[in-house]
Amino acid sequence: MDLVIAIGLQLLYGIAHLALISLGLAIIFGMMRVINLAHGEFLMLGGYTVVVSTNAGVNIWLAMLVLAPLVVGIVGVVVERLLIRWLYGRMVDTLLATWGLSLLLIGIVTSVFGASTASTIAPPLGVVRIGDYSVSGYEMFLICVTAVLLLAVWATLRFTRLGLLARGTMQNAQMASALGVSTNRIYMVTFGLGAAVTGLAGGLLAPVTGVLPTIGATYIAKAFITVISGGAAILAGTAAGSVLLGGINGIVTFLSGPTFGEVALLLTAIVLLRLMPRGITGRFFRKSL
């Protein structure tokens, strides 16, 4: 029984990990149709914010939960105002522009922090014993935080004026503008929100993964695979894609090792998109948010 609980928690962590790194991309790509290849670098910036802040004496919880999303959210707003605002409706151009942005961010961070040594932070909360097995208390915390974050984003989009205006603007910007909505401001805030969520994810994962200037490359493929496999529904798609892909990745990793787990995740996504080209929510949960 203890083994089953330990394995179950590891599977939940794999699912939460995918959902956490994908949620910000789901907002920017899923809602705004901006192919943000700098998504991994936004995660990296969140991680470095935590590293720099804690080295300066800031409490780790304040650094992860407040400073990381705040700093990356501000970066996102600046990027949207200076670069992305001119490229809406031109997906290939956003791909090329954000690819260049990712290279720029990697170069800047490498120049400041160096390229060879990973910056690490000891995960808080220690280890939780389950019979003869031990589970990271911080990984259990991440599972809970991911669930709360998904609920918070859902509530924001579903019940707040900002969520209503954002969904309306993304569906029909011309109609929203005709009704007096400042679509430029909505685009800016939505992109900033997606960046802030991404920064929060990067900050929360920093104690688990460590931080390198090139660590974004390990995130970006998984995030895009999860979001595209999930389909058009932002939250339902992200959650469904994370459960399916994260569950399969976790099971295969437990049985055969992490390399085969990554291969199984990719093969599952390929088969899924062959059978359901519009993703999971293209066939199921069509009316979900």
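It should be noted that the structure appears before, not after, this text.
In this text, all values refer to a predicted model and were calculated from it rather than measured experimentally.

Just to check I follow, could you spell out the environment of L105 for this structure?
Structurally, the position occupied by L105 is in helix α4 (residues 91-113). Separated by 86 residues in the primary sequence, L105 and F191 place their C-alpha atoms 18 Å from one another. Excluding residues within four positions of it along the chain, L105 makes contact with E41, F42, M44 and L45.

What is the right way to read helix α6 (residues 161-171) from this model?
For α6, the complete set of buried residues consists of G163, A166, T169 and M170. Viewed end-on, α6 has its buried residues packed into an arc of 135 degrees, placing them on one side of the element. In α6, those exposed residues whose orientation departs by more than 90 degrees from the buried face are R161, L164 and Q171.

Can you help me understand the pattern of salt bridges in this one?
A pair can form between side chains of opposite charge whenever their charged atoms are brought close. Here the structure, examined in full by the defined rule, presents 3 salt bridges. Note that D93 and R90 form a salt bridge whose closest N and O atoms lie 2.6 Å from each other. D93 sits in the partly exposed class, given a relative accessible area of 28%. The salt bridge partner of K222 is E262, with a shortest N-O separation of 3.0 Å. Within this pair, whereas K222 is found in helix α9 (residues 216-230), its partner E262 is found in helix α11 (residues 258-275), the two being separated by 40 residues in sequence. In this structure K222 comes out as buried when scored by relative accessible area, which is 19%. By relative accessible area, which is 33% here, E262 ends up partly exposed.

What counts, and where the lines are drawn
Residues numbered from 1 in each chain as written. Predicted model: local features only at pLDDT ≥ 70, side-chain atom pairs only at ≥ 80, totals over all residues. Heavy atoms only, no water. Helix = DSSP H or I, 4+ residues; strand = E, 2+ residues; numbered from the N terminus. Contact = heavy atoms within 4.5 Å. Buried < 20%, exposed > 50% of the residue type's maximum accessible area, 1.4 Å probe, protein only. Arc of directions from axis to C-beta. Salt bridge = Lys/Arg side-chain N within 4 Å of Asp/Glu carboxyl O.

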